[in-house]
Amino acid sequence: MTIRAIKRISQSRPALEGAGVKLRRAFGFGDTSDFDPFLMMDDFRNDRPSDYLAGFPWHPHRGIETITYVLAGSVAHGDSLGNSGVLGAGDVQWMTAGRGILHQEMPKGDPLGRMHGFQLWANLPSSLKMTAPRYQDVPSVAIPEVIDDDGVSVRVICGDFWGQKGPVDGVAADPRYLDVTVPPGKRKVLPVETYRQAFAYIFQGSATFAGASAPFGALREELVGGEETLVRDTVGDRSLVVFDSGDEVVVQAGDEGVRFLLVSGRPLREPIAWHGPIVMNTQAEIRQALTDLRDGSFIR
Ligand code: CO
């Protein structure tokens, strides 16, 4: 077994999206090859309704899948094909936009004003970019939760893990989307097969992820502001950890435990042409999408 080393650690950064929603972007746009087949992840946890109530009014998607995971509050969703619904705490919506949808996503806080959750974008291979749109709305109760002898609990949203299969299926890039909670001080080995690219996004507590060349809590050299500085690989809220190759991830939870998303998938390794919420393989396909939007043939 080979422990995956840490390729990079970063913090999600403030971003403004939709009609003026303040959120944090873990990654997205620019060079996303380390995340392939994933394109973007936003952390929209916020306790100030004025930061998010404007929401994400009508916008198109083509060529990708959007995965929304709500932790608190709710998101009302509606699209031009007549689909609509409300995602509540613990629910997931896996939307395959395929050849195109026009939709809106409107967040609403819980009684404490909290709107918490994440939106991940997964790329579609060229053969499926123009597939028919499809929704998989998964209520919280349909998501299996496995708890092992150490009290480590894993919600399996998509893919197989520890003998459980997540409710989302038929997705091209073989994604595995896990919500992992490790109790204080516990150390855990989590399998992530070699062919996958993987990242973790921490949203509660703190942890150290071991690399093959960096034992737990080890100091390592890193360039910080042009200086070689010794840093610890301890990560906390809003940290993004990108893993190198290997077949397992090892996590050591801090004093308060840790909760994080562990996401992995089979890379598509295809060219990417990107125009906001439309992601295709070529610029010609982007131009076609914009033409379709203008002349009303985007939705087929
Ligand atoms: Co959208």
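Colleague: Could you give an account of the sheet that holds strand S4 (residues 38-43), naming the residues involved and the relevant values?
Modeller: Ordered by their spatial adjacency, seven strands build an open sheet running S2-S3-S4-S11-S6-S9-S12, and the pairing between neighbours is antiparallel. Each edge of the open sheet is held by one strand with a lone partner, namely strand S2 (13-17) and strand S12 (134-138). Between one strand axis and the next, the sheet turns by 25° as a mean value, whatever way the strands run. Where strand S6 (residues 64-72) and strand S9 (residues 92-96) come together, five bridges link them in antiparallel fashion. Within S9, the residue paired with Glu65 across the bridge is Thr96.

Colleague: Account for the coordination of the cobalt ion, naming residues and giving values.
Modeller: Protein coordination at the cobalt ion: the donors are His59 (NE2), His61 (NE2), His103 (NE2) and Glu105 (OE), at 2.1 to 2.4 Å from the metal. Here the cobalt ion binds four donor atoms, and the angle range of 87 to 175° at the metal identifies the geometry as irregular. Sequence spacing of the donors to the cobalt ion: H-x1-H-x41-H-x1-E. A residue pair is termed long-range when its members are at least 10 positions apart, and His59 in strand S5 (residues 56-61) and His103 in strand S10 (residues 101-108) qualify at 44 residues.

Colleague: Talk me through the pattern of salt bridges; I want residue IDs and the actual numbers.
Modeller: According to the stated counting rule, one finds 20 salt bridges in the structure shown. Among the ionic pairs, Arg25 bridges to Glu17, the shortest N-O distance being 3.1 Å. The shortest N-O distance in the salt bridge between Arg114 and Asp110 comes to 2.8 Å. Residue classification places Arg114 among the partly exposed residues on the basis of a relative accessible area of 32%. Overall, the relative accessible area of 16% leaves Asp110 in the buried class. The network of salt bridges with shared partners includes Asp174, Arg176, Glu193, Arg196 and Arg266.

Each value, and the rule that gives it
- Residues numbered from 1 in each chain as written.
- Predicted model: local features only at pLDDT ≥ 70, side-chain atom pairs only at ≥ 80, totals over all residues.
- Heavy atoms only, no water.
- Pairing = 2+ DSSP bridges.
- Helix = DSSP H or I, 4+ residues; strand = E, 2+ residues; numbered from the N terminus.
- Axes fitted to C-alpha atoms, helices over the stretch in contact; angles between N-to-C directions.
- Donors = N, O, S within 2.8 Å, 3.2 Å for Na, K, Ca; no water.
- Tetrahedral: all angles 85-135°; square planar, octahedral: opposite > 155°, others 65-115°.
- Salt bridge = Lys/Arg side-chain N within 4 Å of Asp/Glu carboxyl O.
- Buried < 20%, exposed > 50% of the residue type's maximum accessible area, 1.4 Å probe, protein only.

Fair warning: the whole summary comes from geometry, so function is off the table for now.
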